[in-house]
Amino acid sequence: MQGVLETARLLEQGDASSEELTLDCLRRARSHGRRLNCYISLAEEEAVLEQARASDQRRARGAGTPLTGVPLAHKDIFCTRDLPTSCASRMLEGYRSPIEATVVRRLREAGMICVGKTNMDEFAMGSSNENSYFGPVANPWDPERVPGGSSGGSAAAVAARLVPAATGTDTGGSIRQPAALCGVTGLKPTYGRVSRHGIVAFASSLDQAGPLGRSAEDAALLLHAMAGPDPLDSTTDPRPVQDYPAALAAGKERLQGLRIGLPRQFLDERLDARVGELIQESARLLEQQGAVLREVELTHQDLAVAAYCVIAAAECSSNLARFDGVRYGYRCEEPRDLSELYLRSRTEGFGAEVKRRVITGTHVLSAGYQEAYYLQALKVRRLIRDEFLQTLEETDLLLGPTSPTAAFRRGEKIADPVNMYLSDVYTVGCNLAGLPAVSVPAGFTGGLPVGMQLIGPPFSEGLLLQVAHRYQELSDWHLQHPPEPPPGEPGQAGGTPP
Amino acid sequence: MPQQDPALRHAAALARLQPDDAERARLERDLKAILRMVERLQAAPVAEVQPLYHPLELPAPLRADQVTEGDQRALHLALAPSTGAGYYLVPRVLD
């Protein structure tokens, strides 16, 4: 299965039909996708092929857009009408949303065909995709390793060439970190660039949706369709959306004199040595093309994970209070009274990591602790945001690793939540500050992909994609793909609850 | 019954969660480790710093006070685990 741009070209030139490609995606999801456990649900075959045939007819009439008939997958956090939305939780198993997320609607209206919903960490809480009620996702480069999280199913599906592209959400790195660990391109937009309407809320001041694809070109095509103001989300920004695909061509000129900051705190001794070498090599490649590198200081970076842990937990404890077993979602069997209904529905419906974060968040918001933890974290958030903005006045963008290591082994960190949270040490700062960032493949260590992260000022997605695209014109890391597994018996895609 | 950490017991009660003994022991250990990790925030130089609740500090836009959605009662009730006579059903609160 090709990427978005190549798929669009095949369709445009009449070398393939959307019906053929969509069917291929479904077949691959049922075979290889089953082995990776990267889908939670798949589209009903005849219904989705009917959509694909309609797309083919639109293209034949000359009424298509670049994305018409191109298959994609949505992270199972986006509300869809045609497929259930579980958020990888027992709490929402089988839930059919009455609404459609704005992102889903926009990509559907752009002509894309949704072939399935991808696996993820429960309620997007996790960095390894081991927290799903539907079982862990395997990394296509090494099935014993994690794909990252929380958008691990989306990253694995794109990396394994099961689908041209997928959507994800990023609250603390949940697009960029799995993109890095699976060797694909993932972009977290500026807070407010993409509507959050219809996305199951985790931490509302941090959540943002974005694309995962093979390349910056693919990410640009998707983001262009996803982004923009939305009356259904009052936190979306009113400014018009840049034509990201059209802007890519200017990347070569844009690199001339471009000031790229290398945060010293992103490249210190805590970073895996080989990952650090690859990031430095990538920076030098951009320097050879005219960029000006300089080391910068992000002195509050060491506080980012701590501030994030407090703020994200506080917001999640508030957002997840809605799951009470009354209006929708899981309800326990035969509660004796209303109090037991709440207690048992939530205790039985949520997984371990969700309960850990809800309790942490409730604690830091409770009387006697709120000022010491929550307000303190919000003040540190301002320090971090202001320092990022000031540094980005002195530089045009920042460059560093996406993750401190390549993909780690399944089970390696799951019993140590603090160690797991530190997987996001280079990504959470952008969420606290609302900044856009992109992760692009930048090499391999031990046969596993490594991601380079580019961070820009608010609403600089066009610049980030230009630089990422130019980097991908100069390198071929994004063209590498994991080995195809031997053909197996087609199975029923979709994870299995315990 | 093992001795419970009062902070954990209080937070679990507020969060309407009822972990069993094994889960409570894990949560207690994890909560302590997380709070130890976030303790470093206390040393941050924030005496004159205002909390930042939202990254872009956007003003909340206002919209016209108009009804934009009709009656959605049946749609939403259809999602509930238990309903009757047009209402959500829960265990009896008062005898």
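Nothing here was measured: the structure is a model prediction, and the numbers come from that model. (Residues numbered from 1 in each chain as written. Chains lettered and ligands numbered in written order. Predicted model: local features only at pLDDT ≥ 70, side-chain atom pairs only at ≥ 80, totals over all residues. Heavy atoms only, no water.)

Draft legend 1. Examining the overall build of chain A more closely. Within chain A, the secondary structure is distributed over 17 helices and 11 strands. Relative to the 2.2 N^0.38 estimate, which gives 23 Å for 498 residues, the radius of gyration of chain A is 21 Å and therefore close to what a compact globule would have. The buried share of chain A, reckoned over its 498 residues, is 69%. Excluding contacts between residues fewer than 6 apart, the proportion of contacts in chain A whose partners are at least 24 apart in sequence is 76%. Positive and negative side-chain charges in chain A, numbering 51 and 61 respectively, have mean positions lying 2 Å apart. (Helix = DSSP H or I, 4+ residues; strand = E, 2+ residues; numbered from the N terminus. Rg over C-alpha atoms; globule rule 2.2 N^0.38 Å. Buried < 20%, exposed > 50% of the residue type's maximum accessible area, 1.4 Å probe, protein only. Contact = heavy atoms within 4.5 Å. Lys, Arg positive; Asp, Glu negative; His and termini not counted. Charge placed at Lys NZ, Arg CZ, Asp CG, Glu CD.)

Draft legend 2. Representation of the domain arrangement of chain A in the model. All names here are of chain A. Domain boundaries assigned for chain A yield domain 1 (4–231 + 240–264 + 392–479) and domain 2 (302–380). The distance between the C-alpha centroids of domain 1 and domain 2 comes to 27 Å. With 25 residues of domain 1 in contact, the opposing surface of domain 2 contributes 26 residues. Together, the buried faces of domain 1 and domain 2 total about 2300 Å²; carbon and sulfur atoms form 69% of this surface. Together, Met91, Met125 and Tyr421 form the three largest contributors to the area buried by domain 1 at its contact with domain 2, with a combined 31%. At the surface where domain 1 touches domain 2, the tally comes to 0 salt bridges. At the junction of domain 1 and domain 2, the tally comes to 11 residue pairs in polar contact (both at pLDDT 80 or more). Tallying contributions element by element places helix 16 (residues 428–433) first for the side of domain 1 that touches domain 2, with 3 residues. For the side of domain 1 that touches domain 2, the class distribution of residues is 15 nonpolar, 8 polar and 2 charged. (Domains from an automatic or database assignment. Buried area = accessible area lost by both parts, 1.4 Å probe. Salt bridge = Lys/Arg side-chain N within 4 Å of Asp/Glu carboxyl O. Polar contact = N/O pair within 3.5 Å; in protein donor to acceptor, adjacent residues only side chain to side chain. Nonpolar A, V, L, I, M, F, W, Y, C, P; charged D, E, K, R; others polar.)

Draft legend 3. Quick peek at the nonpolar core. Grouped together as the largest cluster of nonpolar side chains are 170 residues, with contacts concentrated most on Tyr39 and Phe123 of chain A together with Val38 of chain B. When residues of this core are assigned to their parent elements, the largest contribution, 11 residues, is made by helix 11 (residues 304–319) of chain A. Per-domain counts for this core show at least three residues from each of domain 1 (4–231 + 240–264 + 392–479) and domain 2 (302–380) of chain A. (Core = buried A, V, L, I, M, F, W, Y, C linked by side-chain atoms within 4.5 Å.)

Draft legend 4. Up close: unusual backbone geometry. All names here are of chain A. At the junction of Gly149 and Ser150, the peptide bond is cis and its omega measures out at 10 degrees in the coordinates. Along the chain, Ser150 falls in the loop between strand 3 (113–118) and helix 5 (152–159). At Glu334, a residue that is not glycine, the phi angle is positive and equals roughly 45 degrees. With respect to the element layout, Glu334 can be found in the loop between helix 11 and helix 12 (338–349). Assessed through its relative accessible area of 73%, Glu334 is described here as exposed. Even without being a glycine, Phe459 presents a positive backbone phi close to 65 degrees. Structurally, the position occupied by Phe459 is in the loop between strand 11 (448–455) and helix 17 (461–474). Residue classification places Phe459 among the buried positions, given a relative accessible area of 16%.

Draft legend 5. Structural detail: the packing of helix 11 of chain A against helix 13 (residues 352–365) of chain A. Residues and elements named next belong to chain A. The interhelical angle for the contact between helix 11 and helix 13, taken along N-to-C directions, is 100 degrees, at an axis separation of 7 Å. The angle between helix 11 and helix 13 falls in the class roughly perpendicular. Contacts between helix 11 and helix 13 involve Tyr308, Val310, Ala313, Ala314, Cys316 and Ser317 from the former and Arg357, Val358, Thr360, Gly361, Thr362, Val364 and Leu365 from the latter. Among the residues forming the contact of helix 11 with helix 13, the class breakdown is 8 nonpolar, 4 polar and 1 charged. (Axes fitted to C-alpha atoms, helices over the stretch in contact; angles between N-to-C directions. Parallel < 35°, antiparallel > 145°, perpendicular 65-115°, else oblique.)

Draft legend 6. Main features of the interface of chain B and chain A. Each partner contributes to the interface: chain B provides 50 residues, whereas chain A provides 65 residues. Across the chain B to chain A interface the summed buried area is about 5100 Å²; carbon plus sulfur atoms make up 71%. Among the residues chain B hides against chain A, the three largest losses belong to Leu17, Leu41 and Leu52 of chain B. Together they make up 13% of the total. Between Glu23 of chain B and Lys355 of chain A there is a salt bridge, and its shortest N-O distance comes to 2.8 Å. Run the count over chain B and chain A and you get 15 residue pairs in polar contact (both at pLDDT 80 or more). Every element with two or more residues in the side of chain B that touches chain A is listed here: helix 1 (6–14), helix 2 (21–38) and helix 3 (73–77) of chain B. With 10 residues, the top contributor of residues to the side of chain B that touches chain A is helix 2 of chain B. Residue composition of the side of chain B that touches chain A, by class: 36 nonpolar, 6 polar and 8 charged.

Draft legend 7. Spotlight on the pairing of strand 3 of chain A. All names here are of chain A. Among the 6 residues that make up strand 3, 6 are buried, leaving the element largely enclosed by the rest of the structure. Pairing of strand 1 (residues 39–42) with strand 3, which is carried by 3 bridges, proceeds in the antiparallel orientation. From the neighbouring strand, Tyr39 faces strand 3, where its bridge partner is Thr118. Sheet topology places strand 2 (residues 71–75) next to strand 3; 5 bridges connect them, and they run parallel. For Pro71, the partnering residue across the bridge sits in strand 3 and is Ile113. Where the polypeptide runs from strand 2 across helix 4 (residues 102–109) and back to strand 3, its parallel neighbour, the crossover connection is right-handed. (Pairing = 2+ DSSP bridges. Right-handed = clockwise from strand over helix to strand, strands pointing away.)

Draft legend 8. Up close: the confidence of the model for chain A. A residue-level look at chain A finds 97% of positions with pLDDT of 70 or above and a mean pLDDT of 96. Within the model, the stretch residues 489–494 of chain A combines pLDDT values under 50 with 11 contacts to residues more than four positions away or in other chains. (pLDDT = per-residue confidence, 0-100.)

Draft legend 9. Representation of the pattern of salt bridges in the model. Residues and elements named next belong to chain A. Taken as a whole and assessed by the stated rule, the structure comprises 31 salt bridges over all chains. Where Arg176 meets Asp170, a salt bridge forms, and the shortest distance between an N and an O atom there is 2.8 Å. By relative accessible area, which is 0% here, Arg176 ends up buried. Owing to a relative accessible area of 0%, Asp170 belongs among the buried residues under this scheme. Measuring nitrogen to oxygen at the nearest pair gives 3.7 Å for the salt bridge that ties Asp233 to Arg196. Taken together, the residues span a long stretch of sequence, with Asp233 in the loop between helix 7 (216–226) and helix 8 (244–247) and Arg196 in the loop between strand 5 (185–188) and strand 6 (209–213) at a distance of 37 residues. On the basis of relative accessibility, which here comes to 5%, the residue Asp233 falls in the buried class.

Draft legend 10. Spatial organisation of the packing of aromatic side chains. Residue and element names in this part refer to chain A. One pass over the structure, following the stated rule, counts 11 aromatic pairs over all chains. With centroids separated by 6.2 Å and ring planes inclined at 90 degrees, the aromatic side chains of Phe323 and Phe350 adopt a geometry described as edge-to-face. A residue pair is termed long-range when its members are at least 10 positions apart, and Phe323 in the loop between helix 11 and helix 12 and Phe350 in the loop between helix 12 and helix 13 qualify at 27 residues. Phe350 shares its class with Phe323; the two are buried. What links up through ring pairs into an aromatic cluster is the set Tyr95, Phe123, Phe323, Tyr328 and Phe350. (Phe/Tyr/Trp six-rings, centres within 6.5 Å; stacked < 30°, edge-to-face > 60°.)

Draft legend 11. Quick peek at the environment of Pro45 of chain B. Position of Pro45 of chain B relative to the elements: it lies in the loop between helix 2 and helix 3. Leaving out residues up to four positions away in the same chain, Pro45 of chain B has contacts with His300 and Leu383 of chain A.

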